[in-house]
Amino acid sequence: MVAEGEIQKHIAAEFPEAKIELPTANRVSLVSPLHYFPELAIFLRDAEGFDHVTSVTGIDYPERGLVSVTYHLSSYSRPPIRRIVLSVSVDLPRQDAKMLSLVSVWPSAEYHERETHEMLGVMFQDHPNLNLLLLPEDWTDLPPLRKDFKLRGR
Amino acid sequence: MSEVTLNIGPQHPGSGHFRLVVSVDGDTITKATPDPGYVHRGVEKQAEYREYLQNIPLLERPVISDSNGSVYAYVLAVERLAGLTVPERAQYIRVLMAELNRIMSHLYWLAIFGIFLGHSTMFMWPFGDREAVIDLAQRAMGTRLTYSYFVPGGVRNDLPDGFKDQAIRAIEFLEKRLIEYNAIFMKNPVFLQRTRGVGILRTDDAIKLGVVGPTLRGSGIDADARKDEPYDVYDKLEFDIPTFPNGDCYSRSLVRLEEIKQSIRIVRQVLEAMPPGAFRARNPSVLKPPRGSVYTRTEAARGTYAYFITSKGDKTPYRLKISSPSFRNLPAFEFLMRGSHLADMPTIYWSLDYWPLEADR
Amino acid sequence: MLDLNEPLASLLQVLVFPGLTFALIFVLFMVWYERKLLAKMQLRVGPLYAGRFEGILQPMADFIKLLFKEVIVPKQADKFFFLLAPTFMMAVSASMLALIPLSASQVIADSNVALLIIIALLSLSPLTIIVAAWASNNKYSLIGGLRALHQMTSYAIPMSFSILGIVLMSGSFSLLAIVESQRSSWFILLQPLGAVVFYLAALAELERVPFDIPEAETEIVMGWETEYSGINYGIIMTATYIKFYALAVLFTDLFLGGWLGPAPVPPVIWTILKTLLVVTLMMIPRGVYPRLRVDQMLRFGWTGLLPLSLVNLLIGLVEIAYLKL
């Protein structure tokens, strides 16, 4: 819990507008405004040592008009914080969900961002290849993980 | 010969349900683009329509050769969300079954590696020996491959009588066979020629690409969720994380064979230390966890499995995100195959242990 | 030797023994033998049900099944050569067989340059494979055919060199003369290096593991055989196994003294027993080794086998000089 608290303090010092939740064992999560990227990402990678993305989750909140994109980060190069997963969330407007791609900071995010793009309709600017990954090439319907896409038969 | 584009397509003896678009110039691969998505079934979306307990058969299907490994993280996540306790015996049983699944999955991997390299004995022997472990699983859990055995709060039923003796016989048999595998497969001169120095993934590239599992440990990084973030009773057991520094296909193969040995070691300890007691905590079958999110990680056979579950207090999850090891190893395809021989393509592909169903969900 | 004044006897020789019928029966036996041998190595049982004894009729059953399958000719393929290429292969294999004696009197065609003709026929097989691969009009077939061409050409040269020592020692290219000159000692004792080189080169010529790159199924489906189905494929398989049989008997005649052996066992039986031994030795690597990569195979042929065969020739010359052979 010591390391989690330390990380929280460092982030709060550099990026005061980020809302950091109470850290639990091995988990630190924060919600950041969009304008902190990519500086926040570079800070987390270089100063704190979170060198790869374990997943990128997108959650659709239609009643709040938001799509929340969360990057889950972890570290290989610093064994003491390997147990920590740091989640950075960004809230994007549902009708115009776009943000800067973080592939230049973390190459491991490439396929995850591509999947979030096709499943939730989030545009990642400057992404090297934003083609459909898991969906068929001729997909014309809504992004499937949006709440207004209903599964047939349910 | 000018550049030829080959579709190592979904209908190909060397690809599984997955397409690799490969551009070849003579014998050298200039570009290899993976094209997953042929078995995408929308598991994450479907999970939002089912109750937490009903999701277990859904979530173990993507990874049939290691089904306990994929469900373990989910069950832990639900327990953490809902604040459930798990009796100690159940924890030991879960570790035991997860390790047996790891052995099964690695033997399957070795067998298919044999097919890819053109070595039919390497295909026949592991498949035959895997029956010893599948037999154990069938006695304890009822089916051979997909069990629906782990539930939030414990396991579905207790181990049958006489299980311990049968298990010890099975792992002693496997230990003898592993010696033979080492002599005939790992020290085989043609195998060494085909895998040494092929598909080298350096340590810093492995970190940048974010790969997991034996692919990572074959490149010198000893990260394993069982040691980094121990769950259930892993912190009470003694085992090593095999790591090899070279990063070629041979290192990754050695990692997997060593992991079978370590799993046998864990199984022995668990069988010795298993306490009596309840195998499941009494919980309502329709769980309604309070609002919140949780992120859990476990180490399945192919790598780190992670689940991110968000709950709004309903009986179905609001969002279930699966981070599967095969999906996380996808960047390695493009990276490793560029510049290699065409005949190295199956070697590299299978040394990454990519399971199309697991990547597509 | 065929005596054209006795047409009936000659016809029997060609068609029954040691000709077509015997060759086909032996080939069927070899297929069964290989499957059983491989099964025992892999802790399996192999064919079990077809025929009373341990599935001995399994290859026959498979052949009959192939007869019933449809011969699919791809739309864009060159139909004439696609259908004829297997027959070319069969012709080459059968011609080789005709020149190889099973005993002093059991040979269909002999000549004092028999060995040269056999080597020439062996060099013809990659050509037939390229015809099959090209006529298929398929990317995978083409890659497989080119690999086969590279492989067989690279290994035909060490094979030809490995037998030069024997030719010099026996003074003739005729197989009858070569076997006769082994009365004092078998050539495998005098030219062991040559035997090893010939054995490895034969494995490569036959596309057997570890040299089965041309049909590396996990990369290029079935290689140059991809588009072949039905009886067309059956003819290719038969031609391959007849070549296998021919090379095994050739090895016996060249290195193991052919039909020489103590009475009362008839000479033909000696040849067949020794051939079975050679066949077994050629089948065992299939259960033990994975497949080599193309560049590794080529490197081994040119920088490994070729120098070895030349060293072998040198040893042969030294032996001739000092042992007054």
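Cut-off values and rules
Think of each chain on its own: its residues are numbered from 1, step by step along the sequence as written. Naming scheme: in the order in which they are written, chains are lettered from A and ligands are numbered from 1. Residues qualify for local features only when their pLDDT is at least 70, as the model is predicted, and side-chain atom pairs are given and counted only at 80 or more; totals for whole chains, interfaces and linings, by contrast, use all residues. The numbering of helices and of strands both runs from the N terminus, where a helix is a DSSP run of H or I of at least 4 residues and a strand a run of E of at least 2. When we talk radius of gyration, it's over C-alpha atoms, and the globule rule is simply 2.2 Å times the number of residues to the 0.38. Backbone-placed C-beta atoms define the burial measure: a residue is buried with 20 or more other C-beta atoms within 10 Å of its own, exposed with 12 or fewer, and partly exposed in between. Two residues qualify as a contact pair if the distance between their C-beta atoms, derived from the backbone, is within 7 Å. Here the nonpolar group is Ala, Val, Leu, Ile, Met, Phe, Trp, Tyr, Cys and Pro; Asp, Glu, Lys and Arg are the charged ones; every other residue, Gly included, is treated as polar. At least two DSSP bridges between two strands are required for those strands to pair. Axis angles are defined between N-to-C directions and span 0 to 180 degrees, where every axis is a line fitted to C-alpha atoms and, for a helix, only to the segment in contact. By definition, a nonpolar core groups buried Ala, Val, Leu, Ile, Met, Phe, Trp, Tyr and Cys residues that are joined through C-beta atoms within 7 Å. Every angle not falling under 35 degrees, over 145, or within 65 to 115 is termed oblique; those three ranges are roughly parallel, roughly antiparallel and roughly perpendicular. For every residue, the pLDDT score states the predictor's confidence, bounded by 0 at the bottom and 100 at the top.

J.: Which parts of the structure should I look at to understand the overall build of chain A?
T.: The secondary structure content of chain A amounts to three helices and seven strands. Against the compact-globule benchmark of 15 Å for 154 residues, chain A has a radius of gyration of 16 Å, which places it among compact chains. In terms of its C-alpha atoms, chain A occupies a principal-axis envelope of roughly 50 × 30 × 30 Å. Classification of the 154 residues of chain A by burial places 43% in the buried group. A separation of at least 24 residues holds for 54% of the contacts in chain A among residues at least 6 apart in sequence.

J.: For this particular structure, what's the right way to read the interface of chain B and chain C?
T.: By a widely used convention, the size of an interface equals the accessible area lost when the partners come together. Listed as interface residues are 26 residues of chain B and, on the opposing side, 23 residues of chain C. Of all the elements in the fold, those that place two or more residues in the side of chain B that touches chain C are strand E1 (4-8), helix H4 (88-117), helix H5 (120-141), helix H7 (189-195) and helix H14 (344-351) of chain B. Among the elements that line the side of chain B that touches chain C, the one with the most residues is H5(B), at five residues. Taken together, the residues that form the side of chain B that touches chain C break down as 14 nonpolar, 10 polar and two charged.

J.: What exactly am I supposed to notice about the pairing of strand E4 (residues 66-74) of chain A here?
T.: Each regular strand carries side chains that alternate between the two faces of the sheet. Residue and element names in this part refer to chain A. Most of E4 is tucked away, with eight of its nine residues classed as buried. Across nine bridges, the pairing between strand E3 (residues 52-61) and E4 is antiparallel. Residue pairing in the sheet places Ser55 in a bridge with His72 of E4. Counted along the chain from E3 to the antiparallel partner E4, the turn is four residues long, and its residue Gly65 has a positive phi close to 70 degrees. Pairing of E4 with strand E5 (residues 85-93) involves eight bridges; the strand directions are antiparallel. Among the inter-strand pairings, Tyr71 is bridged to a residue of E5, identified as Val88.

J.: Is there a simple way to think about the sheet that holds E3(A) in this case?
T.: Across a sheet, strands are paired by hydrogen bonds formed along the backbone, either parallel or antiparallel in direction. All names here are of chain A. Overall, mixed pairing links the five strands, which are arranged E1-E2-E5-E4-E3 in an open sheet. For this open sheet the edge positions go to strand E1 (19-20) and E3, each flanked by a neighbour on one side alone. Packing against the sheet, helix H3 (residues 110-120) makes contact with E3 and E4, and its axis sits at approximately 10 degrees to E3.

J.: Mind showing me how you'd approach the interface of chain A and chain B here?
T.: Opposite the 27 residues of chain A that make contact, chain B presents 27 residues. Elements supplying a minimum of two residues to the side of chain A that touches chain B: E3, E5 and H3 of chain A. If you tally residues by element for the side of chain A that touches chain B, the top one is E3(A), at six residues. Partitioning the side of chain A that touches chain B into residue classes produces 12 nonpolar, nine polar and six charged.

J.: For this particular structure, what's the right way to read the environment of Leu254(B)?
T.: All names here are of chain B. Relative to the assigned elements, Leu254 resides in helix H11 (residues 249-273). Classification of Leu254 as buried rests on a count of 21 C-beta atoms within 10 Å. For the pair Leu254 and Phe244, spaced 10 residues apart in sequence, the C-alpha separation works out to 7.8 Å. Apart from the residues lying within four places of it in its own chain, the contact partners of Leu254 are Met186 and Phe244.

J.: Before we go on, may I ask you to explain H14(B) in this structure?
T.: Think of an α-helix as turning once every 3.6 residues; residues three or four places apart then point the same way. All names here are of chain B. Extensive coverage of H14 is indicated by the burial of eight of its eight residues. Taken residue by residue, H14 has Asp344, Met345, Pro346, Thr347, Ile348, Tyr349, Trp350 and Ser351 as its buried positions. At the exit of H14 stands Asp353, carrying a positive phi of roughly 55 degrees.

J.: Is there a simple way to explain the nonpolar core in this structure?
T.: The nonpolar side chains of soluble globular proteins are, as a tendency, buried together. One finds Tyr245(C) and Phe251(C) to be the most contacted residues of the largest nonpolar core, which totals 231 residues. Ranked by the residues each element gives to this core, the list is headed by H4(B), at 17 residues. Excluding residues that lie within four positions of it along the chain, Phe251(C) makes contacts with Phe198(C), Tyr199(C), Ala202(C), Leu256(C) and Val278(C).

J.: I tried to follow the sheet that holds strand E6 (residues 292-299) of chain B on my own but got confused; where do I start?
T.: Residue and element names in this part refer to chain B. Read from one edge to the other, the open sheet built from three strands follows the order E6-E7-E8, with strand pairing classed as antiparallel. Each having just a single partner strand, E6 and strand E8 (319-323) make up the two edges of the open sheet. Each strand axis lies, on average, 10 degrees off the axis of its neighbour in the sheet, ignoring direction. When E6 meets strand E7 (residues 304-311), the two strands line up antiparallel, connected through eight bridges. From the neighbouring strand, Thr296 faces E7, where its bridge partner is Tyr307. Strands E6 and E7 of the sheet are contacted by helix H3 (residues 67-82), whose axis makes an angle of about 145 degrees with E6.

J.: Even after reading the chapter, I still don't get the packing of helix H3 (residues 58-68) of chain C against helix H12 (residues 230-255) of chain C, so can you show me in this structure?
T.: Helix-helix packing is characterised by the crossing angle of the two axes and by the distance between the axes. Residues and elements named next belong to chain C. At their nearest, the axes of H3 and H12 sit 6 Å apart, and the two run at 140 degrees to each other. Here H12 runs oblique to H3, going by the angle between their axes. Here Phe63, Leu66 and Leu67 of H3 lie close against H12, whose contacting residues are Gly230, Ile231, Tyr233 and Gly234. When its residues are assigned to classes, the contact of H3 with H12 shows five nonpolar, two polar and no charged.

J.: Sorry if this is basic, but what is going on with the confidence of the model for chain B here?
T.: Detailed reading of the predicted model is not advised wherever pLDDT is low. Averaged over all residues, the pLDDT of chain B is 87; the fraction at 70 or higher stands at 98%. We note a pTM of 0.87 for the whole complex and an ipTM of 0.90 for its interfaces.

J.: Please explain unusual backbone geometry as it appears in this structure.
T.: Residues apart from glycine generally show negative phi values, whereas peptide bonds are mostly found in trans. A positive phi angle, close to 45 degrees, is found at Asp232(B), a residue other than glycine. Mapped onto the elements, Asp232(B) comes out in the loop between helix H10 (225-228) and H11.

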